[in-house]
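Observations on chain architecture
Read off the chains here:
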Amino acid sequence: KAGVTQTPRYLIKTRGQQVTLSCSPISGHRSVSWYQQTPGQGLQFLFEYFSETQRNKGNFPGRFSGRQFSNSRSEMNVSTLELGDSALYLCASSLGRGARNEQFFGPGTRLTVL
Amino acid sequence: SQQGEEDPQALSIQEGENATMNCSYKTSINNLQWYRQNSGRGLVHLILIRSNEREKHSGRLRVTLDTSKKSSSLLITASRAADTASYFCATVLSGSARQLTFGSGTQLTVLP
């Protein structure tokens, strides 16, 4: 099976712009979660989608949003970019069933905000 | 906020030696997982241990969990240069089905 794919791998934006990141989960996986990784704050949970519905949300401002499509692919959007949004954004997929909850991560999208 | 703290923050050992990393957390968990990350890339799942388990093995990896102390350890035996990476523990809190709360990570360097 193909792994989790994320596009684009690298992005450079300027303050005030908006950005959309994409994640394609492993075939058959219905849960997609997003995480932000920065040197200062480490890995932080953004949100999780399962069956096109947001199931859980981390402590991030409303500028961060996401959605999931019927084929389980997910996008996250960040509006009005700030310098502090520069980070590695990771997406993870899981079957979303049972207690195992093993998550498989994509390679990430490195966002730089200038 | 981060649930876990990892100790040490950095560890440097010689190839062939064992490496032990510790993780502490604050609240009740459903399970605890360990991940590896190579130099700013994606995370690779290593092992999952449920809250009712005390020890688990996978190849050269051994994980222990002490829920009374809210701590876990990851032991890598007979380390190799290729084990050089950052290692993170992540907890799934009780009632939080898929959200991972990560520790701060341990940077392991294995010298050839």
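You'll find the structure just up there.
My aim in this report is to walk through the structure given alongside it, one point at a time. (Residues numbered from 1 in each chain as written. Chains lettered and ligands numbered in written order. Predicted model: local features only at pLDDT ≥ 70, side-chain atom pairs only at ≥ 80, totals over all residues. Heavy atoms only, no water.)

**Quick word on the overall build of chain B**
Keep this limit in mind: In DSSP terms, a helix is any run of H or I states spanning at least four residues, a strand is any run of E spanning at least two, and both are numbered starting from the N terminus. C-alpha atoms define the radius of gyration in this analysis, and the globule rule sets the expected value at 2.2 Å times the number of residues to the power 0.38.
In terms of regular secondary structure, chain B is built from 0 helices and 11 strands. Starting at the N terminus and walking to the C terminus, you meet the elements of chain B as β-β-β-β-β-β-β-β-β-β-β. Its C-alpha atoms give chain B a radius of gyration of 13 Å, within 12% of the compact-globule value 13 Å for 112 residues. The C-alpha extent of chain B, read off along each of the three principal axes, is 45 × 25 × 20 Å.

**Re the pairing of strand 8 (residues 74-78) of chain A**
Along any regular strand, the residues point their side chains to alternate faces of the sheet. All names here are of chain A. Applicable threshold: Partly exposed describes any residue whose relative accessible area lies between the buried limit of under 20% and the exposed limit of over 50%, with all areas from a 1.4 Å probe on protein chains only and scaled to the type maximum. In short, DSSP must find at least two bridges between two strands for them to pair.
In terms of burial, strand 8 is largely enclosed, as 5 of its 5 residues are buried. Residues of strand 8 alternate between two faces, with Ser74, Met76 and Val78 on one and Glu75 and Asn77 on the opposite face, all of them buried. Sheet analysis places strand 3 (residues 19-24) next to strand 8, joined by 5 bridges and oriented antiparallel. Residue pairing across strands places Ser22 opposite Glu75, the latter belonging to strand 8.

**Some remarks on the interface of chain B and chain A**
Note the threshold: We call two residues in contact when some of their heavy atoms are within 4.5 Å. A 1.4 Å probe defines the accessible area here, and the buried area is the portion of it lost by two parts on being joined, summed over both. Contacts described as polar in this section are N or O atom pairs within 3.5 Å, which, within protein, must combine one atom able to donate a hydrogen with one able to accept it, while residues neighboring in sequence count only if both atoms come from side chains. Any residue outside Ala, Val, Leu, Ile, Met, Phe, Trp, Tyr, Cys, Pro, Asp, Glu, Lys and Arg is labelled polar, Gly included; the first ten of those are nonpolar and the last four are charged.
In this complex, chain B contributes 22 residues to the contact, which on the side of chain A involves 25 residues. The contact between chain B and chain A buries some 1800 Å² in all, and 46% of this surface belongs to carbon and sulfur atoms. When the area that chain B buries against chain A is broken down by residue, the three leading residues are B:Leu43, B:Arg98 and B:Gln99, summing to 35%. Seen at the junction of chain B and chain A, the total is 4 residue pairs in polar contact (both at pLDDT 80 or more). With 5 residues, strand 4 (residues 29-37) of chain B is the single largest residue contributor to the side of chain B that touches chain A. Within the side of chain B that touches chain A, the residues separate by chemical class into 8 nonpolar, 11 polar and 3 charged.

**Thoughts on the sheet that holds strand 7 (residues 64-68) of chain A**
Residues and elements named next belong to chain A. In plain terms, the rule: The axes used here are C-alpha line fits, helices contributing only the stretch in contact, and every angle between their N-to-C directions lies in the interval 0 to 180 degrees.
The 4 strands lie next to each other as 1-3-8-7, forming an open sheet whose pairing is antiparallel. If you trace the sheet from one side to the other, it starts and ends with strand 1 (5-7) and strand 7, each paired once. Neighbouring strand axes in the sheet, compared pairwise and without regard to direction, differ in orientation by 20° on average.

**Overview of the environment of B:Thr84**
Residue and element names in this part refer to chain B. Relative to the assigned elements, Thr84 resides in the loop between strand 8 (71-76) and strand 9 (85-93). By relative accessible area, Thr84 is classed as partly exposed at 27%. On a C-alpha basis, the gap between Thr84 and Leu108 in space is 5.4 Å, while along the polypeptide they are 24 residues apart. Polar contacts involving the side chain of Thr84 include one to the main-chain carbonyl oxygen of Ala81, which spans 3.0 Å. For Thr84, the side chain forms a polar contact with the main-chain nitrogen of Val110, separated by 2.9 Å.

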